[in-house]
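Results of the structural survey
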Amino acid sequence: MAGTATGGRTAIGLDVGGTKIAAAVVDERGTILKELTEPTPAESTAEAVTAVLQRLIEQLRTAHDDVVAIGVGAAGIVRWPEGVMLWAPNNAYRDWPVRAQLEEFSGLPVRVDNDANVAALAEARLGEPYPNMVLITVGTGIGGGLVFDDRIYRGPTGMGAELGHIILNPDGPRCGCGNHGCFEAYASGTALGRMAREAAEDDPDGLIARLGRENGGVTGHTVLQAVEQGDETAKVLFGRLGRWLGVGIASLANIFEVEAVVVGGGLVETGDLLLGPARIAAREYAYAPTARGIAPIVPASFGGAAGMIGAALLAMDDS
Ligand SMILES: [Zn+2]
């Protein structure tokens, strides 16, 4: 078990993403003592990525020779507790035994988990602690993590908590996972891009359509640009996206009793544009709110650093 806020021990946290690999030495309070970043190798095989991880670990240990453990958070499906990366959406590796390889390399205990799970642990423990919480990350897709009693919920083998794929409408738009009407198909950056293309078709002279023509296509980012210029249609689209976000959040908050729903990911930087309508919908669809209350929906505190901080905290828990 982790000591409580002694701050004395340190671990290395690694965050393996589709475009970059971030690594840091982190203490028990979640403070980053040293940080390094490298691009994910273009040919993202297990061998190529392992070489980067080993190099980062060596560099950080040279600077901090007292680290007690290593944690890895990686995008994809990780079998727990073995730490085998079964599949990743943006990388070539399959069935990659990350934990075993890094333990042999470093001689330290290693924990490997899904990136959203470890990000949830960081958000749950640090800042205002929420020992029971849901993290939703809104990016290209929707990811998330569940923390109950201060521990990550994973299910028996690490496959739990695919929060982006709860079904909001079985007849809804197709999701990247092949299913229909998932939370991700309604409330992600990809969903925003789809809604924006529909809006551009309906109004070819509107700002979204014009920005799309100037920039080689309409995406979720086009809506962000349009909203910054005060475009009413873009505000409506954010309102619609936020409402779906709130519907998904209500579904999760109705199942679990949590102290907060933390929302992270790039689109949250728009602040209340997205979270405002989400809060209204979450209230509207809350079950027995007078008895159960309504969990606050708050923006994430740690942004892109949550993955490596959470990975380090996880590693220190078990060592
Ligand atoms: Zn899906």
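An α-helix turns once every 3.6 residues. As a result, residues three or four positions apart point the same way. Residues G220, T222, V223, L224, A226 and V227 constitute the buried set of helix α7 (residues 220–228). Check the buried side of α7 and you find it contacts α5 (189–202), α6 (207–214), α8 (232–255) and α9 (272–284). Downstream of α7 by a residue or two, G230 has a phi angle that is positive, lying close to 80°.

What follows covers the nonpolar core. I12, I208, V223, I249, V261 and A312 are the most contacted members of the largest nonpolar core, which has 104 residues in total. If you tally residues by element for this core, the top one is α8, at 11 residues. For this core, the domains that each give at least three residues are domain 1 (10–127 + 304–317) and domain 2 (133–300). With residues up to four places along the chain from it excluded, the contact list for I12 reads A23, V25, I57, L60, V67, I70 and A312.

The 5 strands lie next to each other as β3-β2-β1-β4-β8, forming an open sheet whose pairing is mixed. Sheet topology places β3 (32–39) and β8 (110–114) at the edges, where each strand pairs with a single neighbour. Shown here is a sheet whose adjacent strand axes are inclined to one another by a mean of 15°, direction ignored. Sheet topology places strand β1 (residues 10–16) next to strand β4 (residues 70–74); 5 bridges connect them, and they run parallel. When the bridges of β4 are listed, V16 appears paired with A74.

Our focus in this paragraph is the domain arrangement of the chain. Split by domain assignment, the chain resolves into domain 1 (10–127 + 304–317) and domain 2 (133–300). Taking the mean C-alpha position of each, domain 1 and domain 2 sit 27 Å from one another. Listed per partner, the contact involves 14 residues of domain 1 and 18 residues of domain 2. Looking at the side of domain 1 that touches domain 2, the elements that each hand over two or more residues are β5 (77–79) and α3 (115–125). For the side of domain 1 that touches domain 2, the element with the most residues is α3, which contributes 8 residues. When its residues are assigned to classes, the side of domain 1 that touches domain 2 shows 9 nonpolar, 1 polar and 4 charged.

About the cut-offs
Counting of residues starts from 1 at the beginning of each chain's written sequence and follows it residue by residue. In keeping with the predicted nature of the model, local features appear solely for residues at pLDDT of at least 70, side-chain atom pairs appear and are counted solely at 80 or more, and the whole-chain, interface and lining totals rest on all residues. Three exposure classes are used, all based on how many other C-beta atoms lie within 10 Å of a residue's own C-beta (placed from the backbone): buried at 20 or more, exposed at 12 or fewer, and partly exposed between those limits. Helix and strand definitions follow DSSP, with helices as H or I runs of at least four residues and strands as E runs of at least two, each counted in order from the N terminus. In this description, any two residues whose backbone-derived C-beta atoms lie within 7 Å of each other are considered to be in contact. One nonpolar core equals one set of buried Ala, Val, Leu, Ile, Met, Phe, Trp, Tyr and Cys residues connected by C-beta atoms within 7 Å. Where each domain begins and ends is defined by an automated method or by a domain database. When DSSP finds two or more bridges between two strands, those strands count as paired. The axes used here are C-alpha line fits, helices contributing only the stretch in contact, and every angle between their N-to-C directions lies in the interval 0 to 180 degrees. Put simply, Ala, Val, Leu, Ile, Met, Phe, Trp, Tyr, Cys and Pro go in the nonpolar bin, Asp, Glu, Lys and Arg in the charged bin, and everything else, Gly too, in the polar bin.

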